[in-house]
Amino acid sequence: MKAILMALIVSGWSAVVIAQTNDSLDALIGTALTNNPEIATAQRKWDAALEKIPQSEALEDPRVGVDAWRRNEETMEASQTGLMISQNIPWFGKRDLRGRVETGAAKQAEMAWRMKTLEIVAMVKQAYYDLWQAQRELDLNERNQELMRQFVEVARGRYETGKTPQSDFIRAQNELARLSEDRIDRVRAYQQALAELNRLVQHAPDTPVEIGTEVTAPVRELSVTLEQLEVAAEGRPELLGAREGTVRSAEAALALARKGYYPDVEFRVEGWEYEGKGGIQEYDMGVSMNFPWINRDKYRAAINEARANLEASRDDLDGMRSRTAAEVKKLYDGVETMHHHYTLYTDKLIPQQRLAVDAARAAYEAGTGGFLDVLDARRMLFDLEMQNLHHAAEFQRLLASLERVVGGNWPAQPADGAK
């Protein structure tokens, strides 16, 4: 059962997430699902909850007893021996309601396991793109350092030949030093991202994770609408656990509390042996029951408690629905915003700034422009490219969170008119 559910969860994710990534991310997700202790803990809690169902539905253990009577005070032998067995039978429907209470609790535990699974998958993907971003930022920093080294040499040559002042050479050196300092922060971010990803897959913090240069963070328009995602979120495991687990369990608990006024019946059978004659010479049968009507306040309080718990579970479900809808909206807007920023930077700002860099460099080499203009243009291009790496990685991180919030139930078909 659990293997099938795990396959469904992962396959639901594959439609949107895994198809956008490479095999290494697939492998990391698979390793996390296998090794992560939080998933294992949630699964064992579900296992334990399932085992409580047959316990709650079972009859109480039968009671067996022996009575011995002694008439002759001069001997220790019993004059009369009775064997007794009794069984308590709850009123009709009580056992079923007890089972329903525990079934609801088991459903809640199952949904907690599913939610934890989706959460770990999302966290692995987010950590993966943290690492991807940190690696690409290091690559970009290295390319810019190499270019700045060339600028330093150009400035040195022009200064030595008297074509430019010494200040240009000093500015180039300072910019190279700034990039070197920036690299230190990028390395630290890379190490932190690597440690977090390895934590999720239960590897040593410094275990290398290779993300090939061909791996991208695709930024695409969503093929589904906000309304579709809000509908899909109704299938979120957390909501299902509250609705099918907590609320159903509380409803059964209230029905069970109301049945507290109905008595339980105990059946008893006795067999008697007289004067050591051997065998059973007499049988007795009896029936008894408890008398709950005397303790009306006790059972009335139990009903009030169960009713309050039911109302609280329904309120909690309503609050969870509201929070989920708000989270879906927030993440959806975030994904759309990152897509807009990425498209703007990729199609307009970065190409325009590259032209500005080329123009500033050409003017400097022609003697009609200053070296500071070249540095400023190059620095702005560097910042734009860094920001766009963030846009791409953040798009994937937000998308992973959105998929978790909708419980992996990503709408299969785009809506009419959807982007």
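Structure's up top.
Residues numbered from 1 in each chain as written. Predicted model: local features only at pLDDT ≥ 70, side-chain atom pairs only at ≥ 80, totals over all residues. Heavy atoms only, no water.

Observations concerning the overall build of the protein chain
Right, so step 1: Helix and strand counts for the protein chain stand at nine helices and four strands.
Right, so step 2: Along the protein chain, helices (α) and strands (β) appear in the sequence α-α-α-β-β-α-α-α-α-β-β-α-α when read from the amino end.
Right, so step 3: Taking all 419 residues of the protein chain together, the buried fraction comes to 42%.
Right, so step 4: Within the protein chain, counting contacts between residues at least 6 apart in sequence, those at least 24 apart form 80% of the total.
Right, so step 5: Element-wise, carbon and sulfur atoms account for 53% of the exposed surface of the protein chain, whose accessible area totals about 22,600 Å². (Helix = DSSP H or I, 4+ residues; strand = E, 2+ residues; numbered from the N terminus. Buried < 20%, exposed > 50% of the residue type's maximum accessible area, 1.4 Å probe, protein only. Contact = heavy atoms within 4.5 Å. Areas by Shrake-Rupley, 256 points an atom, 1.4 Å probe, with all protein chains shown as cover.)

Side note on the packing of aromatic side chains
To describe a pair of aromatic rings, one takes the distance between the centres and the angle between the planes.
Right, so step 1: One pass over the structure, following the stated rule, counts nine aromatic pairs.
Right, so step 2: Arranged with centres 5.1 Å apart and planes meeting at 50°, the rings of Y364 and F371 form a pair that is tilted. Each member of the pair, Y364 as well as F371, is classed as buried.
Right, so step 3: K259 extends its terminal NZ or CZ atom over the ring of Y262, reaching a point 5.2 Å from the ring centre. (Phe/Tyr/Trp six-rings, centres within 6.5 Å; stacked < 30°, edge-to-face > 60°. Lys NZ or Arg CZ within 6 Å of the ring centre and 35° of its normal.)

Points about the pattern of salt bridges
Right, so step 1: Taken as a whole, this structure holds 33 salt bridges when the rule is applied.
Right, so step 2: Across the pair D96 and R100 runs a salt bridge, and its minimum N-O distance is 3.9 Å. Taken as a pair, D96 and R100 lie in helix α4 (residues 94–160) at a separation of four residues, close to a single helical turn.
Right, so step 3: Overall, the relative accessible area of 44% leaves R100 in the partly exposed class.
Right, so step 4: Residue E142 pairs with R149 through a salt bridge whose shortest N-O separation is 3.7 Å.
Right, so step 5: The exposure class of E142 is partly exposed, given its relative accessible area of 34%.
Right, so step 6: On the basis of relative accessible area, R149 is assigned to the partly exposed category, the value being 32%. (Salt bridge = Lys/Arg side-chain N within 4 Å of Asp/Glu carboxyl O.)

Topic: the pairing of strand β3 (residues 265–274)
Regular strands have side chains that alternate between both faces of the sheet.
Right, so step 1: Strand direction decides the pairing type here: strand β2 (residues 80–89) and β3, joined by ten bridges, are antiparallel. Pairing of I85 across the sheet is with V269, part of β3.
Right, so step 2: Looking at chain direction, β3 and strand β4 (residues 282–289) are connected through eight bridges and run antiparallel. The residue bridging E270 from the neighbouring strand is D284, located in β4. (Pairing = 2+ DSSP bridges.)

Let's talk about the nonpolar core
Right, so step 1: In terms of nonpolar packing, the biggest core is built from 74 residues, with V124, W132, L229, V328, F371 and W410 touching the most fellow members.
Right, so step 2: Of all elements in the fold, only α2 (23–35), α3 (37–57), α4, α5 (166–200), α6 (226–232), α8 (296–366) and α9 (371–405) reach the threshold of two or more residues within this core.
Right, so step 3: By size, the runner-up hydrophobic cluster in this structure holds 13 residues, among which are A242, L254, L317 and M320. (Core = buried A, V, L, I, M, F, W, Y, C linked by side-chain atoms within 4.5 Å.)

What about empty space enclosed by the protein?
Right, so step 1: In total, this model carries two cavities of 30 Å³ or more according to the counting rule given.
Right, so step 2: Space inside the largest cavity adds up to approximately 50 Å³.
Right, so step 3: Taken together, F151, V154, R361, Y364, E365, F371 and V374 form the lining of the largest cavity.
Right, so step 4: Going through the elements one at a time, α4, α8 and α9 are the ones with two or more residues in the lining of the largest cavity.
Right, so step 5: Of the residues belonging to the lining of the largest cavity, the class tally is five nonpolar, no polar and two charged.
Right, so step 6: The wall of the second largest cavity is formed by N144, M148, E175, R178, L179, R378, R379 and F382.
Right, so step 7: For the lining of the second largest cavity, the secondary structure elements donating two or more residues are α4, α5 and α9. (1 Å grid on protein atoms, 1.4 Å probe; cavity = no way out; pocket = protein on both sides within 12 Å on 5 of 7 lines; lining within 4 Å. Points joined across faces, edges and corners; volume = space filled by probe spheres on them. Nonpolar A, V, L, I, M, F, W, Y, C, P; charged D, E, K, R; others polar.)

Comments concerning the environment of V374
Right, so step 1: The residue V374 is located in helix α9 in this model.
Right, so step 2: If we ignore the near neighbours within four places in the chain, the residues touching V374 are F151, A360, R361 and Y364.

Here's the deal with unusual backbone geometry
Right, so step 1: Of note, the phi angle at Q202 is positive, near 60°, even though the residue is not glycine.
Right, so step 2: Tracing the sequence through the fold places Q202 in the loop between α5 and α6.

Quick look at α9
Right, so step 1: Compared with an ideal rise of 1.5 Å per residue, which puts 35 residues at 51 Å, α9 spans 51 Å between its outermost C-alpha atoms and is within 8% of the ideal.
Right, so step 2: The buried count for α9 comes to 26 of 35 residues, which makes it a mostly enclosed element.
Right, so step 3: G407 occupies a position one or two residues after α9 and carries a positive phi of about 70°. (Expected span 1.5 Å × (residues − 1).)

With respect to the layout of surface pockets
Right, so step 1: Volume-wise, the largest pocket comes out at about 360 Å³.
Right, so step 2: If you go around the largest pocket, you meet 16 residues; those closest to its centre are Y342, I350, E385, N388 and L389.
Right, so step 3: Broken down by secondary-structure element, the contributors of at least two residues to the lining of the largest pocket are α4, α8 and α9.
Right, so step 4: A per-class count over the lining of the largest pocket returns eight nonpolar, three polar and five charged.

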